[in-house]
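Architecture and fold: a report
For reference, the chains in residue letters:
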Amino acid sequence: MTPPTGTAPARPRAGAARPRRPVAARLLAVAVALCGLLLATAAPAQAHAVLTGSNPAQGTVVAHAPEQVTLSFSEGVAMGDDSVRVLDPHGTRVDRGKLRDLCSGETVKYGTGLPPGLPDGTYTVAWQAVSADSHPVSGAFTFSIGAPSATKAPLPQQEAGGGPVGALYGVARYLAYAGFVLLFGGAAFVLACRPAAAGVRSVQRLTVHGGWVLLTAATLALLLLRGPYTGSGDLADLTELDALRAVLPTKTGIALTARLLLLAGAALFVTLLFGAYERTRRAAAADGDGAAPGDAADRGPQGDAARARLRRLTAGLTAGGTLLALGTAATWSFAEHASTGLQPGLAVPVDLLHLLAVATWLGGLAALVVSLYWGPPVERAAVRRFSRLAFASVLTLVATGLYQSWRQVGTVPALTGTAYGQLLMLKAGLVLLLVGLAWISRRWTARLTDRAGTGTGDEAGPAEAGPAEAAGTVPVPGQAPAPERAAAPERAAADALPAPALRDAPDTGPGNPDPDPVRTTAPTPSTPETGTPDPVRAAQLARQRAALSTARVKRLRDADPQRLGLRRSVLAEAGVAVLVLAVTTVLTGTEPARTEAALQAAGAERSPDANQPQVLTIPFDTGGAHGKGTARIDLDPGRAGGGNQLRVRLSDPSGATMDVPEMKVSFTLSAQHLGPLPVTATHTGKGHWRADDVQLPVAGRWQLSLLVRTSDIDQVTETRNVKID
């Protein structure tokens, strides 16, 4: 239906709801603020890899300097020559500076050599690595040679991946996800749901600026931040070329570089989508009166040729866009959680499907939002197409999400008792809320469809939009249409609305002249002297007509309560989608629940000191001259069976080592009627004894007996309990 010339803006009936742009802006602002709060309060990224052991172990005292320091991890890590540093009590680095790869089979072990003749004292081992799923891990521990001492060695002030660099890296990762969703989701909306949106300025800006530009900028930022993120944590290293060169050969560096190359292809893709594709679609629509590709109507040879070109372009862009989306999604799947852990061969393709479904649903949702708020009226058929596409995406998300949850969580206790599981439940709740809002949007869409079936003539497909939309003359904020085309958007808007939206339009017949004086036909202003048209006044009138036309289109569009309800429900979906992306970003940087639960279970099965060196300090007094002193006994690793090493150091009250004529150690397990089991210790130096391969047959609470004799008649026996696991 097209209103007659001179029709005044349609006024909504009394009580009709009016859309509030400030409400929409506030809703999005709250969603973005919550997203920022979530990212800002997120802990530094954790990962799969965990330090499972070291030699020397934490807190042990060795009689002589070891040849090397070794570290064992739960799974593969990436380390370099500076990843393990050994510092003496004065804070000076004393290791050889060359990493030793000691991995064998499933054992992940690295080490660094130490020079001979290191003096006694406490040494600090600081280490840093990058786990197989790209997240940095770090830690530090101490051991002593001869005897503990004070140390000035500086320890790391923050965890790997923390601090300002970690916060910036997290923000960049979120923006990269958002750019991916907007780029390929917006393109999917255009190709699969509403081809006419290729000529809508707001959709173009969303896909190009919010998608391609954002993803490219975020990827570059991640590449530059990667070095400080996994290394020093100092923003000053952001421009260090050496750090960038070190990042490029890594798995994450290769993935980010590949993403940039794919984005170069995506630039050509969006250029064709909003350039050649839109021109071809307009040509086909103009020749065929807006016929969509695949329509059976015969529009003539030229129309057939234009539609054939459009079909080829659509097929080519669909295939090319799908390949680009798959390749870009793979830069996450092959570099993060999916590539490690349980069933990586299946997890990677499942993760690819998950990412593509997220982009199709949430990116298409964003394109629908900007189309509803800042574009010509969206056709009912386009909304229906997106509704079906979103439903298929949700089904894919549910299937792939269930598998990923099982793979990364495994058990109900892991779901409720770990940070990853709690974040996953939060994400599931937000997704359920999003599905509920989508159901409301489907209800609004069904109402639009029902009205279309009553004969309003609004069931046309995306390519059957009015000439204004096909020609791209849609009024957008900040840009008025040309005066000679100002009436076209109005006609398109009126045609796209149901008949009730125009019931209140005033009559512009002879009895009711046009209330809009600007639109009343009038001669072109001219100068009194020459009678020639006044260009300044003509430009002013053109701007007024354009502004009135834009306001008229908006009022006609907002007069439809069904579309008003649809816009509000879709906007609420978009706000929740922002939070879903934020939680997803934090999840990808959190240690999976299955790994954390396994570590917790292993810790629950043994005491905190299980398989750790048992260190005992036992004062003694034999009662004779020089009979007072202290014995320090180290049992490493303190486990049932063989392979334990016993070290004893005796010192006088001043702390200096002291020798005695006799020192004996034995173990007794009264509950099992075992013992006493004597230990044959070798005197290795003044005040030092050592015994290798000490056998403690079973686990339990053993009693250690220490006998010290300082003269022929002066001796004492002290006992202590030792828990052996």
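Residues numbered from 1 in each chain as written. Predicted model: local features only at pLDDT ≥ 70, side-chain atom pairs only at ≥ 80, totals over all residues. Heavy atoms only, no water.

1. Comments concerning the overall build of the protein chain
In terms of helices and strands, the protein chain carries 16 helices and 18 strands. Expressed as a percentage of its 725 residues, the buried residues of the protein chain come to 48%. For the protein chain, long-range pairs separated by at least 24 residues make up 72% of all intrachain contacts whose partners lie at least 6 apart in sequence. Within the structure as shown, the protein chain displays about 33,100 Å² of accessible surface, and the carbon and sulfur contribution to it stands at 59%. (Helix = DSSP H or I, 4+ residues; strand = E, 2+ residues; numbered from the N terminus. Buried < 20%, exposed > 50% of the residue type's maximum accessible area, 1.4 Å probe, protein only. Contact = heavy atoms within 4.5 Å. Areas by Shrake-Rupley, 256 points an atom, 1.4 Å probe, with all protein chains shown as cover.)

2. Observations regarding the confidence of the model for the protein chain
Mean pLDDT over the protein chain stands at 75; residues scoring 70 or higher make up 73%. Here helix α12 (residues 467-470) stands out as the element of the protein chain with the lowest mean pLDDT, 36, in contrast to helix α5 (residues 251-274), whose mean of 94 is the highest. Low pLDDT, under 50, characterises residues 1-47; the predicted model gives this stretch 90 contacts beyond four residues in sequence or across chains. Here residues 449-522 scores under 50 on pLDDT; set against residues more than four positions off or in separate chains, the count is 138 contacts. (pLDDT = per-residue confidence, 0-100.)

3. A few points about the environment of threonine 122
By the element assignment, threonine 122 lies in strand β8 (residues 121-131). It is 4.1 Å that separates the C-alpha atoms of threonine 122 and serine 144, two residues lying 22 residues apart in sequence. When sequence neighbours within four positions are dropped, the list of residues in contact with threonine 122 reads Leu87, Asp88, Pro89, Thr142, Phe143, Ser144, Ala147, Pro148, Ser149 and Thr151. One polar contact links threonine 122 to serine 144, side chain to side chain, over a distance of 3.0 Å. (Polar contact = N/O pair within 3.5 Å; in protein donor to acceptor, adjacent residues only side chain to side chain.)

4. Notes on the pattern of salt bridges
Applying the stated criterion to the full structure yields 13 salt bridges. With a shortest N-O distance of 3.9 Å, aspartate 81 and lysine 98 are connected by a salt bridge. You can see aspartate 81 sitting in the loop between β4 (77-78) and β5 (84-87) and its partner lysine 98 sitting in the loop between β5 and β6 (99-101), a full 17 residues away along the chain. With a relative accessible area of 34%, aspartate 81 lands in the partly exposed category. (Salt bridge = Lys/Arg side-chain N within 4 Å of Asp/Glu carboxyl O.)

5. Section: the packing of helix α8 (residues 344-373) against helix α9 (residues 380-408)
Where α8 contacts α9, the two axes come as close as 8 Å, and the packing angle between them is 150°. The two elements α8 and α9 meet at a crossing, and its hand is left-handed. Class assignment of the residues belonging to the contact of α8 with α9 gives a composition of 17 nonpolar, 8 polar and 2 charged. (Axes fitted to C-alpha atoms, helices over the stretch in contact; angles between N-to-C directions. Left-handed = near helix turned anticlockwise from the far one by under 90°. Nonpolar A, V, L, I, M, F, W, Y, C, P; charged D, E, K, R; others polar.)

6. Regarding the packing of aromatic side chains
Applying the stated criterion across every chain yields a total of 9 aromatic pairs. Judged by centre distance (5.0 Å) and plane angle (15°), the rings of tyrosine 177 and tryptophan 332 are stacked. Within this pair, whereas tyrosine 177 is found in helix α2 (residues 163-193), its partner tryptophan 332 is found in helix α7 (residues 301-333), the two being separated by 155 residues in sequence. An identical accessibility class is assigned to tyrosine 177 and tryptophan 332; each is buried. (Phe/Tyr/Trp six-rings, centres within 6.5 Å; stacked < 30°, edge-to-face > 60°.)

7. Quick word on unusual backbone geometry
The step from asparagine 55 to proline 56 runs through a cis peptide bond, and the omega angle for that step is 0°. Phi angles above zero are rare outside glycine, and histidine 626 is one such case at about 55°. In this structure, histidine 626 sits in the loop between β10 (614-621) and β11 (628-636). Not every positive phi belongs to a glycine, and aspartate 693 is a case in point at roughly 55°.

8. A closer look at the sheet that holds strand β18 (residues 715-724)
Spatially, the 4 strands line up as an open sheet ordered β14-β13-β17-β18, and their pairing is antiparallel. On the outer flanks of this sheet lie β14 (674-679) and β18, each paired with one strand and no other. Averaged over all neighbouring strand pairs, the angle between strand axes comes to 20°, with direction disregarded. Sheet topology note: the strand β13 (residues 662-669)/β14 ladder contains 4 bridges and is antiparallel. Opposite leucine 669, over in β14, you have leucine 674 as the bridge partner. (Pairing = 2+ DSSP bridges.)

9. Remarks on the side chain of histidine 354
Checked against the element boundaries, histidine 354 lands in helix α8. Within the structure, the side chain of histidine 354 is placed 2.8 Å from the side chain of threonine 400, a separation counted as a polar contact. The residues touching histidine 354, leaving out its near neighbours within four places in the chain, are Leu397, Thr400, Gly401, Gln404 and Lys427.

10. Section: the packing of α2 against helix α3 (residues 201-230)
Following both chains from N to C, one finds α2 and α3 inclined at 150°, their axes separated by 7 Å at the closest point. In terms of orientation, α2 and α3 fall into the roughly antiparallel class. Considering the relative orientation of α2 and α3, their crossing is left-handed. In terms of residue class, the contact of α2 with α3 is made up of 23 nonpolar, 6 polar and 2 charged. (Parallel < 35°, antiparallel > 145°, perpendicular 65-115°, else oblique.)

11. Considerations on the pairing of β13
The element β13 is largely enclosed, with a buried count of 7 among its 8 residues. Bridging between β13 and strand β17 (residues 700-709) involves 7 bridges; their strand directions are antiparallel. Along β17, the bridge assignment pairs methionine 663 with valine 708. As consecutive antiparallel partners, β13 and β14 are separated by 4 residues, and within that stretch histidine 673 has a phi angle of approximately 55°, a positive value.

12. Let's talk about the side chain of threonine 70
Summarising the element assignment, threonine 70 is placed in strand β3 (residues 68-73). Its relative accessible area of 8% is what places threonine 70 among the buried residues. Filtering out sequence-adjacent residues up to four positions away, threonine 70 remains in contact with Gly53, Ser54, Asn55, Leu102, Lys109, Tyr110 and Gly111.

13. Some words on the environment of serine 134
Tracing the sequence through the fold places serine 134 in the loop between β8 and β9 (136-145). By relative accessible area, serine 134 is classed as buried at 6%. Leave out the neighbours within four places in its chain, and serine 134 touches Arg226, Thr252, Ala335 and Glu336.

14. Quick word on α9
Along its 29 residues, α9 runs 41 Å from first to last C-alpha, staying within 8% of the 42 Å computed at 1.5 Å per residue. Just past α9, the residue glycine 410 takes up positive phi, approximately 90°. (Expected span 1.5 Å × (residues − 1).)

15. Things to note about the sheet that holds strand β16 (residues 688-696)
Judged by pairing direction, the sheet is antiparallel, and its 5 strands sit side by side in the order β10-β11-β12-β16-β15 without closing on themselves. Strands at the two margins of the open sheet, each flanked by one partner only, are β10 and β15 (682-685). The mean inter-strand angle of the sheet, taken between neighbouring strand axes irrespective of direction, is 25°. The pairing of β10 with β11 spans 8 bridges and is antiparallel. By the bridge assignment, phenylalanine 620 is partnered in β11 with glycine 629.

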